[in-house]
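# Structure assessment
Here's the letter readout for the chains.
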Amino acid sequence: MPDRDVKTIQDLIYYQYAKIVARRAFGAADGKEAKRQHYGFIKKTFRELKSGAKSWSEITREDWQFVEAEKRCVYCGNESDLHREHIVPKSLRIRPECEGCDVIQGIHNQIWACSQCNSLKGTCGLYKFYRRKHPSERKFYDLIPPLLEKKYLKTLFNCHNCAETLNKNDIDGDGEITVLDIDFIVGAKYGVRDIDSGSSPE
């Protein structure tokens, strides 16, 4: 459980986003440092996002940051053998419309990745991938680069909205709400009904 005020998927997305805002505002090295040193700022930002007093920027801002960023793998820093990778798998099928959805298929959902990282990530969610990359790190999600996580959160917000799961909580059925519940929808080959039942994507 990331914070006692986080009750739903929407809350959790906003909370993760608030940590990114703190990282960038104060130059924190990662999410752990941001939370340790600027917890009050994170909670304030989270509450403002939740209440609607603050809204996040359109995803086009991250698109421009992606275009202007140094061309290297977002996962490992490799500068060779790069390809545009879809952060949320383009094979996602919550609804039939996903196949032509610009949020999933377009630049909003793309970053640079080397062939090796692209292959290792496959079709799994971003948080699940980082848990695999850092098996000994309990807070693996705090190591994700801010631009990568922002694009992912904004894209999956739309996906959860389509699936009508923003107000749900423990959708993976493990007994607690964690970032892996944000990821769970990536296994949407099972469809919305299976998200409701907690069917595992694996």
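Before reading on, note that the structure itself is shown above.
This write-up is about the structure you can find in this document. None of these values were measured; they are calculated from a predicted model.

### Digging into the environment of His134
With respect to the element layout, His134 can be found in the loop between helix H6 (126-133) and helix H7 (146-163). The contacts of His134, once residues within four sequence positions are left out, are Phe140 and Leu143.

### As for the packing of aromatic side chains
A complete count under the given rule lists 11 aromatic pairs for this structure. Between Tyr14 and Trp56, the ring centres sit 5.7 Å apart and the planes meet at 75 degrees, which makes this aromatic pair edge-to-face. Linking Tyr14 in helix H1 (residues 9-26) with Trp56 in the loop between helix H2 (31-51) and helix H3 (60-68), this pair joins segments that are 42 residues apart in sequence. Look at Phe26 and Phe41: their rings are 5.0 Å apart centre to centre, the planes differ by 90 degrees, and that puts the pair in the edge-to-face class. Residue Phe26 is found in helix H1, and its partner Phe41 is found in helix H2; the two are separated by 15 residues along the sequence. With a relative accessible area of 40%, Phe26 lands in the partly exposed category. On the basis of relative accessibility, which here comes to 30%, the residue Phe41 falls in the partly exposed class. One aromatic cluster is present, built from ring pairs that chain together Tyr14, Tyr17, Trp56 and Phe157. Between the NZ or CZ atom of Lys133 and the centre of the ring of Tyr130, over which it lies, the distance is 5.8 Å.

Thresholds, definitions, all that
- Residues numbered from 1 in each chain as written.
- Predicted model: local features only at pLDDT ≥ 70, side-chain atom pairs only at ≥ 80, totals over all residues.
- Heavy atoms only, no water.
- Helix = DSSP H or I, 4+ residues; strand = E, 2+ residues; numbered from the N terminus.
- Contact = heavy atoms within 4.5 Å.
- Phe/Tyr/Trp six-rings, centres within 6.5 Å; stacked < 30°, edge-to-face > 60°.
- Buried < 20%, exposed > 50% of the residue type's maximum accessible area, 1.4 Å probe, protein only.
- Lys NZ or Arg CZ within 6 Å of the ring centre and 35° of its normal.

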